Amino acid sequence: MEKIRIKYFCKDLEKLAYIDGKSDWIDLRAAEDVEMKAGEFRLIPLGIAMELPKGYEAHVIPRSSTFKNFGILQTNSMGLIDESYCGDNDQWFMPAYAVRDTVIHKNDRICQFRIMKHQPALEFEETLVLGHEDRGGHGSTGRQ
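Structure report, in brief. Within each chain, residues carry numbers counting from 1 in the order of the written sequence. Where local features are concerned, this predicted model is filtered to residues with pLDDT of at least 70; where side-chain atom pairs are given and counted, the filter is 80 or more; whole-chain, interface and lining totals use all residues. Excluded from the side-chain calculation are hydrogens and water; included are all heavy atoms of the structure.

### Focus on the overall build of the protein
A run of H or I in DSSP counts as a helix once it spans at least four residues, and a run of E counts as a strand once it spans at least two, with each numbered from the N terminus. The number of helices and strands found in the protein is 1 helix and 11 strands. Starting at the N terminus and ending at the C terminus, the protein contains elements arranged as β-β-β-β-β-β-α-β-β-β-β-β. Principal-axis analysis of the C-alpha atoms gives the protein an extent of 55 × 40 × 30 Å. Burial classes: relative accessible area under 20% of the type maximum marks a residue as buried, over 50% as exposed, and values in between as partly exposed (1.4 Å probe, protein chains only). Split into buried and exposed, the 144 residues of the protein put 33% on the buried side. All accessible areas in this document rest on Shrake-Rupley with a 1.4 Å probe, and a residue is counted as covered only by the protein chains that are shown. For the protein, the exposed area adds up to about 10200 Å²; of that, 50% sits on carbon and sulfur atoms. When charges are counted, neither His nor the chain ends are considered; positive counts come from Lys and Arg and negative counts from Asp and Glu. Where a charge lies is defined by one atom per residue type, namely NZ (Lys), CZ (Arg), CG (Asp) and CD (Glu). In the protein, 19 side chains carry a positive charge and 23 a negative one; their mean positions are 7 Å apart.

This is the structure we're talking about:
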């Protein structure tokens, strides 16, 4: 099992933990109370910094209930934190845009992350034919 060094910026921030049996994503919490007005952008501090192993990155996304509960969108859709972002002051943040007035309290779960290996080096080979059945040209939705 890999060990990851973590620094907490707040003594009263709940510690990271898996929700046993439900997911391999880990919830992240707001590190302070945040009030936002509709149309406002904020970097919401998450109260942690990590030393990720070489060759790994963290993918940070909103929780499924974040928009319903708080009316915020993560402005970059998905955050990417690589192993070089590991200094003592490299706190993680969630860039958020409010679509309605909202209050987020310290320790509210607002996003989640997982640690992933970097993508391997790939080589692209051009071809005129892929040789598989067509699915309709619109991803998994098929023809429209």
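### Details of the state of the cysteines
To count as a disulfide, a pair of cysteine sulfur atoms needs to be within 2.5 Å. Summed over the entire model, instances satisfying the criterion amount to 0 disulfides. Cysteine C86 remains unbridged, with the sulfur of C111 as its closest cysteine sulfur at 20 Å. The thiol sulfur of C111 is not disulfide-bonded, and the nearest other cysteine sulfur, from C10, lies at 14 Å.

### Observations regarding the pairing of strand β2 (residues 26-29)
Every second residue of β2 is oriented toward a common face, with I26 and L28 on one face and D27 and R29 on the other, all of them buried. As paired strands, β2 and strand β11 (residues 109-117) are joined by 4 bridges and run antiparallel to one another. Bridged to I26 within β11 is F113. Criterion used throughout: strands pair if DSSP finds at least two bridges between them.

### Focus: the sheet that holds strand β9 (residues 93-98)
Spatially, the 3 strands line up as an open sheet ordered β4-β9-β7, and their pairing is antiparallel. What marks the edges here is a single partner per strand, and that holds for β4 (41-45) and β7 (72-74). With direction set aside, neighbouring strand axes in the sheet form an average angle of 40 degrees. To obtain each axis, a line is fitted to C-alpha atoms, and for helices this fit is confined to the stretch in contact; angles are then taken between N-to-C directions over 0 to 180 degrees.

### Some thoughts on the packing of aromatic side chains
Geometry of aromatic contacts follows a simple scheme: Phe, Tyr and Trp rings, the Trp one being its six-membered ring, pair when their centres are within 6.5 Å, and the pair is stacked under 30 degrees between planes, edge-to-face over 60, tilted otherwise. Taken as a whole and assessed by the stated rule, the structure comprises 1 aromatic pair. With a centroid separation of 5.3 Å and an interplanar angle of 85 degrees, the aromatic rings of W92 and F113 are classed as edge-to-face. Here the residue W92 occupies a position in the loop between β8 (79-82) and β9, and F113 occupies one in strand β11, the gap between them amounting to 21 residues. Each ring is checked for a lysine NZ or an arginine CZ that lies within 6 Å of its centre and within 35 degrees of its normal; such an atom marks a charge sitting over the ring. If you follow K15 out to its NZ or CZ, it ends over the ring of Y8, 4.1 Å from the centre.

### Side note on the sheet that holds β8
Strands sit in the order β2-β11-β6-β8 across an open sheet of 4 strands; the sheet is antiparallel. Sheet topology places β2 and β8 at the edges, where each strand pairs with a single neighbour. When strand polarity is set aside, the average angle formed by the axes of neighbouring strands in this sheet is 30 degrees. Sheet topology note: the strand β6 (residues 56-62)/β8 ladder contains 4 bridges and is antiparallel. The residue of β8 that forms the bridge with V60 is G79.

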